Number of protein chains: 2
Amino acid sequence: MVSNSDNSNEQEDFPQEINGLRMTRQRREVYRSLMAKRVHPTAQDVFLDVKDKLPQISLATVYNCLEALTQHGIIRQVHFDRESCRYCPNLHEHGHFHDQSTGKILDVAFKPGIRLEDFLDLPPGTTVSNIEFTLRGTIVTH
Amino acid sequence: MVSNSDNSNEQEDFPQEINGLRMTRQRREVYRSLMAKRVHPTAQDVFLDVKDKLPQISLATVYNCLEALTQHGIIRQVHFDRESCRYCPNLHEHGHFHDQSTGKILDVAFKPGIRLEDFLDLPPGTTVSNIEFTLRGTIVTH
DNA sequence: TCAGAAATCAAGAATGATTCTTATTTTTAT
DNA sequence: ATAAAAATAAGAATCATTCTTGATTTCTGA
């Protein structure tokens, strides 16, 4: 492995730790890539992007980093059917719209103040810990 | 292959065709299984269940049947993260709740008359062709 | 009714995203 | 500075799903 000894000191403008997760060189670049592009990339996409900065990084490490970031609540996974998992650094509760004409994936916010019970018939006693809301369609601009 | 010559006549109480899809012996049993149990089974689950009636059926055929039924709008796929795909014969617009204490998956109806724009900030010009709404959590019964 | 065409099926191989394993390197705590 | 713990790279393994192929069944039109 190439020397990583400057790992923790290189980036003075970046926290050493987020939500209790140590920001290693690899995790930092993976997170940076997600924040900079915001295109809901797959692990493969992130891998290719981060390679410019860290040419020796492996795909397995990208998966490890994405998993660690997800487990610590720093990013979220986004699933469309059983396609490759995508990642999103937007932590606000929101859904995702896949525009089938452009292929782009957009964040879709919930109306402010709305609660699940306002639009869903949930069984009584339900506690929801995780929500995934995905839409497909097209956008007509004129 | 075991003779299938009684294929189309065996079930007099079952339509020969649904939404333009010919109901073969295999498709009929797959669909029957989904309708009878309503537990959102995986392809593997359906395979094991249908084997009682059609011992010679293959997993690939179950996948083919589920795909054909899905393509003809007779059933729907249900996805939780990247777990095995599950299948649902309820065609009403609805979401799915995975109860993490029991492992059960429940259909969750939308409030009657509600529209997406009522609770979502969709970009103008959006046409939604497909919705997937999945929740995880627990239910407290007392 | 019968022959050829089209559709369906079974079985197993192939695919592809993700996870796992292991050896190495880096970081942390003493 | 050193031993223990954590993280990484590389490639093998896994597993749901799809694909391929040859056999079987169903359909269509003489």
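All values derive from a computational prediction rather than experimental measurement. (Residues numbered from 1 in each chain as written. Chains lettered and ligands numbered in written order. Predicted model: local features only at pLDDT ≥ 70, side-chain atom pairs only at ≥ 80, totals over all residues. Heavy atoms only, no water.)

### Let's talk about the relation of the copies chain B and chain A
So, step 1. Least-squares fitting of chain B to chain A yields an RMSD of 0.0 Å, with the superposition described by an axial translation of 0.0 Å and a rotation of 180 degrees. The superposition of one copy onto the other is thereby described by a two-fold rotation axis. Across chain B, the rotation axis passes nearest the C-alpha of Phe133(B), at a separation of 2.3 Å.
So, step 2. Interface overlap between copies is the fraction of interface residues in one copy that are interface residues in the other; for chain B against chain A it reaches 100%, indicating a shared surface. (Least-squares fit on C-alpha atoms with pLDDT ≥ 70 in both. Contact = heavy atoms within 4.5 Å.)

### Let's talk about the side chain of Thr134(A)
So, step 1. Residue placement: Thr134(A) occurs in strand β7 (residues 126-139).
So, step 2. Discounting chain neighbours no more than four positions away, the residues touching Thr134(A) are His79(A), Phe80(A), His96(A), Asn130(B), Ile131(B) and Glu132(B). (Helix = DSSP H or I, 4+ residues; strand = E, 2+ residues; numbered from the N terminus.)

### Examining the packing of aromatic side chains
So, step 1. Summed over the entire model, instances satisfying the criterion amount to 8 aromatic pairs over all chains.
So, step 2. Each ring, one from Phe110(B) and one from Phe133(B), has its centre 6.1 Å from the other, and the planes form 45 degrees; the classification is tilted. Here the residue Phe110(B) occupies a position in the loop between β6 (105-109) and α4 (116-119), and Phe133(B) occupies one in strand β8 (residues 126-139), the gap between them amounting to 23 residues. Like Phe133(B), Phe110(B) is buried.
So, step 3. Among the aromatic residues, ring-to-ring pairing joins Phe110(A), Phe119(A), Phe133(A), Phe110(B), Phe119(B) and Phe133(B) into one connected group. (Phe/Tyr/Trp six-rings, centres within 6.5 Å; stacked < 30°, edge-to-face > 60°. Buried < 20%, exposed > 50% of the residue type's maximum accessible area, 1.4 Å probe, protein only.)

### A word on the sheet that holds β7(A)
So, step 1. Taken together, 7 strands build an open sheet; the order of strands is β6(B)-β5(B)-β8(B)-β7(A)-β5(A)-β6(A)-β7(B) and the sheet is mixed. Lying at the two open borders of the sheet, with one neighbouring strand each, are β6 and β7 (120-121) of chain B.
So, step 2. Across 4 bridges, the pairing between strand β5 (residues 94-99) of chain B and β8(B) is parallel. Bridging across to β8(B), Phe97(B) finds its partner in Leu135(B). (Pairing = 2+ DSSP bridges.)

### Focus: the pairing of β7(A)
So, step 1. Two strands pair when backbone bridges link them, and β7(A) and β8(B) are joined in this way by 13 bridges, in the antiparallel orientation. If you follow Thr134(A) over to β8(B), its bridge partner there is Glu132(B).

### Some words on the pairing of β6(B)
All names here are of chain B.
So, step 1. Across 5 bridges, the pairing between β5 and β6 is antiparallel. When the bridges of β6 are listed, Phe-97 appears paired with Leu-106.
So, step 2. The turn linking β5 back onto β6 is made up of 5 residues, and Gly-103 within it adopts a positive phi angle of 85 degrees.

### Focus: the packing of helix α1 (residues 25-37) of chain B against helix α2 (residues 43-50) of chain B
Residues and elements named next belong to chain B.
So, step 1. The geometry of α1 relative to α2 is characterised by a closest axis approach of 10 Å and an angle of 105 degrees between their N-to-C directions. Relative to α2, the element α1 is oriented roughly perpendicular. Where α1 abuts α2, its residues Glu-29, Val-30, Ser-33, Leu-34 and Lys-37 lie against Val-46, Asp-49 and Val-50.
So, step 2. Residue classes in the contact of α1 with α2 are distributed as 4 nonpolar, 1 polar and 3 charged. (Axes fitted to C-alpha atoms, helices over the stretch in contact; angles between N-to-C directions. Parallel < 35°, antiparallel > 145°, perpendicular 65-115°, else oblique. Nonpolar A, V, L, I, M, F, W, Y, C, P; charged D, E, K, R; others polar.)

### What about the pattern of salt bridges?
So, step 1. Tallied over the full model, the rule gives 18 salt bridges over all chains.
So, step 2. Between Arg76(A) and Glu93(A) there is a salt bridge whose closest N-O contact spans 3.8 Å. Residue Arg76(A) is located in strand β3 (residues 76-78), and its partner Glu93(A) is located in the loop between β4 (86-88) and β5 (94-99); the two are separated by 17 residues in the primary sequence.
So, step 3. For Glu93(A), a relative accessible area of 43% puts it in the partly exposed group.
So, step 4. In this structure, the salt-bridge partner of Lys53(B) is Glu29(B), at a minimum N-O distance of 3.6 Å. Of this pair, Lys53(B) sits in the loop between α2 and α3 (59-71) while Glu29(B) is found in helix α1, placing the two residues 24 residues apart along the sequence.
So, step 5. Its relative accessible area of 7% is what places Glu29(B) among the buried residues.
So, step 6. Where salt bridges share partners, they join Glu29(A), Arg32(A) and Lys53(A) into one cluster. (Salt bridge = Lys/Arg side-chain N within 4 Å of Asp/Glu carboxyl O.)

### Digging into the confidence of the model for chain A
So, step 1. With 92% of its residues at a pLDDT of at least 70, chain A reaches an overall mean of 91.
So, step 2. Across residues 1-10 of chain A the pLDDT falls below 50, and counting only partners more than four positions away or on other chains, this stretch makes 10 contacts in the model. (pLDDT = per-residue confidence, 0-100.)

### Re helix α1 (residues 25-37) of chain A
All names here are of chain A.
So, step 1. For α1, with 13 residues, the first-to-last C-alpha span of 18 Å sits near the 18 Å given by 1.5 Å per residue.
So, step 2. Buried residues along α1 sit against β1 (17-18), α2 (43-50), α3 (59-71) and β4.
So, step 3. Positioned one or two residues after α1, Arg-38 has a phi angle of 50 degrees, which is positive. (Expected span 1.5 Å × (residues − 1).)

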